Amino acid sequence: MKKLSITSTIEEYDSSAELNADDQALLAKAKDAGKNAYAPYSAFHVGAALRLENGVIVTGNNQENVAYPSGLCAERVAIFSAGANYPNVAVNTIAITCASAKFSVNRPLSPCGACRQVIAEYERKGGKDIRIILAGETGAVYIVSAMKDLLPLSFEADELKA
Ligand code: THU
């Protein structure tokens, strides 16, 4: 028996003011996108903004539905939109943030497992690590240098391709 260890490093900044100008601008786009979320059931507004390798920024926000599982997280709305409109352009960075009508979010949002899985596949598809910026309404900001760091041992099976 061998023990395999999985480690990943996350950069923690005290606030968004410590980020570089490009990252601050992307996070601001994510915050703006979150304002347009359709979240009448959770009142939890998530915004995502992706910077593609060609400099284009694509945004998304969570879209809920009365049949709850039919809704979609902000990250997947954004990355599927990028995949649909810029199918051959890799994603460089994704900023994700949230705000709640019910409480103050003072720590970084942690993306759900399904979004990690989807982003991990686009990371492999693009052949380039996707940086991830995670923030709440206030407080610390995390930067992760690749989705594979947030989803080690992710399911991938190139054999499934026809
Ligand atoms: N949500 C996201 O959009 N992204 C996440 O990473 C976590 C959760 C949304 C889904 C739902 O509309 C609301 O937040 C509450 O779970």
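Everything quoted here is computed from the prediction, not taken from an experiment.

**Q** Give a description of the sheet that holds strand β4 (residues 91-100) that names residues and reports values.
**A** Strand order in the open sheet formed by 6 strands is β1-β6-β5-β4-β2-β3, and the pairing between neighbours is mixed. The outermost strands of the open sheet, each flanked by one partner alone, are β1 (10-13) and β3 (57-61). Sheet twist, expressed as the average angle between the axes of neighbouring strands with direction ignored, equals 15 degrees. Note: strand β2 (residues 44-52) against β4, 9 bridges, orientation antiparallel. From the neighbouring strand, His-45 faces β4, where its bridge partner is Ala-99. On the sheet, helix α1 (residues 21-35) packs against β2, β3, β4, β5 (131-135) and β6 (141-144) and is oriented at approximately 140 degrees with respect to β2.

**Q** Tell me about the packing of aromatic side chains, and please be specific about residues and values.
**A** Applying the stated criterion to the full structure yields 3 aromatic pairs. When the ring of Phe-44 is compared with that of Phe-103, the centres are 6.2 Å apart and the planes differ by 15 degrees; the resulting orientation is stacked. In this pair, Phe-44 sits in strand β2 while Phe-103 sits in the loop between β4 and α3 (113-126), placing the two residues 59 residues apart along the sequence. Classification of Phe-44 as partly exposed rests on a relative accessible area of 26%. Classification of Phe-103 as partly exposed rests on a relative accessible area of 46%.

**Q** Residue-level account of the site of the ligand, with values.
**A** In the vicinity of the ligand, the contacting residues are Ser-42, Phe-44, Val-46, Asn-62, Glu-64, Cys-73, Ala-74, Glu-75, Leu-109, Pro-111 and Cys-112. Here an oxygen atom of the ligand and a side-chain polar atom of Glu-75 are 2.6 Å apart. Relative to its free-state accessible area of 380 Å², the ligand is covered by the protein chains to the extent of 76%. Looking at the shell around the ligand, the elements with two or more residues in it are β2 and α2 (74-85). Split into classes, the residues belonging to the shell around the ligand amount to 7 nonpolar, 2 polar and 2 charged.

**Q** An account of the pairing of β3 is requested, with residue identities and associated values reported.
**A** With 5 bridges connecting them, β2 and β3 associate as antiparallel partners. Paired with Arg-51 across the strands is Ile-57, a residue of β3. Hairpin connection between β2 and β3: a loop of 4 residues separates the two successive antiparallel strands, and Gly-55 in this loop has a positive phi of roughly 90 degrees.

**Q** Quick rundown of unusual backbone geometry? Include the residues and the values.
**A** For Ala-43, which is not a glycine, the phi torsion comes out positive at approximately 55 degrees. Tracing the sequence through the fold places Ala-43 in the loop between α1 and β2. Backbone geometry at Leu-153 places phi at a positive 60 degrees, although glycine is not the residue there. Take Leu-153: it is sitting in the segment after α4 (147-150).

Analysis parameters
- Residues numbered from 1 in each chain as written.
- Predicted model: local features only at pLDDT ≥ 70, side-chain atom pairs only at ≥ 80, totals over all residues.
- Heavy atoms only, no water.
- Pairing = 2+ DSSP bridges.
- Helix = DSSP H or I, 4+ residues; strand = E, 2+ residues; numbered from the N terminus.
- Axes fitted to C-alpha atoms, helices over the stretch in contact; angles between N-to-C directions.
- Contact = heavy atoms within 4.5 Å.
- Phe/Tyr/Trp six-rings, centres within 6.5 Å; stacked < 30°, edge-to-face > 60°.
- Buried < 20%, exposed > 50% of the residue type's maximum accessible area, 1.4 Å probe, protein only.
- Near = heavy atom within 4 Å.
- Polar contact = N/O pair within 3.5 Å; in protein donor to acceptor, adjacent residues only side chain to side chain.
- Areas by Shrake-Rupley, 256 points an atom, 1.4 Å probe, with all protein chains shown as cover.
- Nonpolar A, V, L, I, M, F, W, Y, C, P; charged D, E, K, R; others polar.

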